[in-house]
Amino acid sequence: MIRCEEILREISSYLDEEITSEMRVQIESHLCACRHCEVLVNTTKKTLTLVSDNSFLELPQGVSERLLDRLAKRHDSSR
Amino acid sequence: MTHDGKGAADNPTDEQLVHRVQEGDHEAFTPLVQRHQRSAYWMIESILHNQADSEEVLQETFLKALQHIGSFRGEARFATWLIRIAINEARMRQRKYRPGLYESLDEEPPGDGEFRPRELSDWRPNPEQNWAREEIAALLRRAIQSLAPIYREVFLLRDVEHQSTEETAAALGITVPAAKTRLLRARLMVREFLAPHFKMDGHQRAETPVQPGRSVL
């Protein structure tokens, strides 16, 4: 059976589904037997779910308006 | 954020809009700005940590993109091309005003070996439901801000903006294996930052007991 250190190294590739099916089986077999690694994988997955809704990084107020304004002025002055 | 629309007239792809700008239709640049300003801003802010400077560099980024759009040939996606400009502009600003900090931008922070997670308590199911939306947003921002720049950049591009690992590596000018190594560490560090806020209370612990002396993880 693969060791906890290998789970730690492969966790990203596992979550991104960028591993061989053989490695996947080995990892999932380890996760069934190791509570620590199961928690680590599940909470890392949850972390990615939380940040994937990227609305938590909205633009500060007014930034978009001032950006479009500056681009419009630049365009006008280059005509 | 990807915009791989099917080319409908009311929802043109980035590449179709770029083509229109290249043909002289400057109005077509506005939707490109609206689509990509947020990711460009936060990438810049992750380097400069200052709203006023970041806003100025954001403007410089889009001005430069517009100025050089004729040279965009579509080898990379527009989003990747633009982020590369944003990163370069932000780093130039960093070098100009805070040269002492520049050295650390591309380097591993000192004392970095393999990252070992310490918070291994399980989380509550749907922990975010106990938080107000703005509180969660602020917590996630703090988690990302806590990362060293080389990890923050890769995390923002890959996991927040959903670029591929290859696009992330290309935008940052690093190899794909380096991007993967940094991404792994970034993900584990963000998880570690969030864990104390989301873990179960004592009476809520998962039913499966952890065996004593188990795993060093």
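Residues numbered from 1 in each chain as written. Chains lettered and ligands numbered in written order. Predicted model: local features only at pLDDT ≥ 70, side-chain atom pairs only at ≥ 80, totals over all residues.

Turning our attention to the overall build of chain A. A count of helices and strands for chain A gives 4 helices and 0 strands. When the helices and strands of chain A are listed from N to C terminus, the series reads α-α-α-α. At 22 Å, chain A has a C-alpha radius of gyration far larger than the 12 Å of a compact globule built from 79 residues. On the principal axes, the C-alpha backbone points of chain A span a range of 70 × 25 × 15 Å. (Helix = DSSP H or I, 4+ residues; strand = E, 2+ residues; numbered from the N terminus. Rg over C-alpha atoms; globule rule 2.2 N^0.38 Å.)

Looking only at helices and strands, chain B features 9 helices and 0 strands. Taken over 217 residues, chain B has a buried fraction of 36%. Considering only contacts within chain B whose residues lie at least 6 apart along the sequence, 66% involve residues at least 24 apart. (Buried ≥ 20, exposed ≤ 12 C-beta atoms within 10 Å, placed from the backbone. Contact = placed C-beta atoms within 7 Å.)

For the rest of this paragraph, the subject is the domain arrangement of chain B. All names here are of chain B. Here the domain parsing of chain B yields domain 1 (14–102) and domain 2 (127–204). Distance between the C-alpha centres of domain 1 and domain 2: 22 Å. Facing the 12 residues of domain 1 at the interface are 11 residues of domain 2. Mapped onto the side of domain 1 that touches domain 2, the elements with two or more residues apiece are α2 (29–48) and α4 (78–97). (Domains from an automatic or database assignment.)

A few words on helix α3 (residues 35–52) of chain A. Owing to its 3.6 residues per turn, the α-helix brings residues three or four apart onto one side. Look at α3 of chain A: 26 Å from first C-alpha to last across 18 residues, which is about the 26 Å you get at 1.5 Å a residue. Of the positions making up α3 of chain A, those classed as buried are Cys37, Val39, Leu40, Val41, Thr43, Thr44, Thr47 and Leu50 of chain A. Of the surrounding secondary structure, the elements contacted by the buried residues of α3 of chain A are α1 (4–15) and α2 (21–33) of chain A together with α6 (133–145) and α9 (176–198) of chain B. (Expected span 1.5 Å × (residues − 1).)

Here we come to the packing of helix α8 (residues 165–172) of chain B against α9 of chain B. Residue and element names in this part refer to chain B. One can describe the packing of α8 onto α9 by two numbers: an axis separation of 9 Å at closest approach and a directional angle of 105 degrees. The pairing of α8 with α9 is recorded here as roughly perpendicular in orientation. Judged by residue contacts, Thr165, Glu166, Thr168, Ala169 and Leu172 of α8 engage Val176, Ala179 and Lys180 from α9. By residue class, the composition of the contact of α8 with α9 is 4 nonpolar, 2 polar and 2 charged. (Axes fitted to C-alpha atoms, helices over the stretch in contact; angles between N-to-C directions. Parallel < 35°, antiparallel > 145°, perpendicular 65-115°, else oblique. Nonpolar A, V, L, I, M, F, W, Y, C, P; charged D, E, K, R; others polar.)

Now for unusual backbone geometry. Residues and elements named next belong to chain B. A positive phi angle, near 45 degrees, is found at Asn126, a position not held by glycine. Its location among the elements puts Asn126 in the loop between α5 (99–102) and α6. By the C-beta count within 10 Å, which is 9 here, Asn126 ends up exposed.

Right, let's get into the interface of chain A and chain B. For interface size, the figure often reported is the accessible area lost on association. In this complex, chain A contributes 32 residues to the contact, which on the side of chain B involves 41 residues. Counting residues per element, the side of chain A that touches chain B draws most heavily on α3 of chain A, at 13 residues. For the side of chain A that touches chain B, the class distribution of residues is 18 nonpolar, 9 polar and 5 charged.

Residues and elements named next belong to chain B. Ranked by size, the top nonpolar core spans 60 residues in total, and within it Ile44, Ile83 and Phe155 carry the most contacts. Per-element accounting of this core gives the leading share, 10 residues, to α9. When residues are assigned to domains, this core turns out to be shared by domain 1 (14–102) and domain 2 (127–204), each giving three or more. (Core = buried A, V, L, I, M, F, W, Y, C linked by C-beta atoms within 7 Å.)

Residue and element names in this part refer to chain B. For chain B, mean pLDDT is 84; residues scoring 70 or higher make up 81% of the total. Ranking the helices and strands of chain B by mean pLDDT puts helix α3 (residues 51–67) first, with 97, and α5 last, with 57. Long-range and interchain partners of residues 1–7, a stretch whose pLDDT sits below 50, account for 15 contacts in this model, where long-range means more than four residues apart. Listed scores for the predicted complex are pTM 0.80 and ipTM 0.90. (pLDDT = per-residue confidence, 0-100.)

With that settled, consider the confidence of the model for chain A. Reading predicted coordinates in detail is not appropriate for stretches of low pLDDT. The share of residues in chain A with pLDDT of 70 or more is 97%, and the mean pLDDT across the chain is 93. Per-element averaging of pLDDT across chain A places helix α4 (residues 63–77) of chain A at the bottom with 90 and α2 of chain A at the top with 96.

A few words on helix α7 (residues 149–160) of chain B. Counting buried positions over the 12 residues of α7 of chain B gives 11, a clear majority of the element. When α7 of chain B is considered as a whole, its buried residues turn out to be Ile150, Tyr151, Arg152, Glu153, Val154, Phe155, Leu156, Leu157, Arg158, Asp159 and Val160 of chain B. Its buried side turned inward, α7 of chain B meets α3 of chain A together with α2, α4, α6, α8 and α9 of chain B. Once α7 of chain B finishes, His162 of chain B follows within two positions and takes phi at roughly 60 degrees, a positive value.

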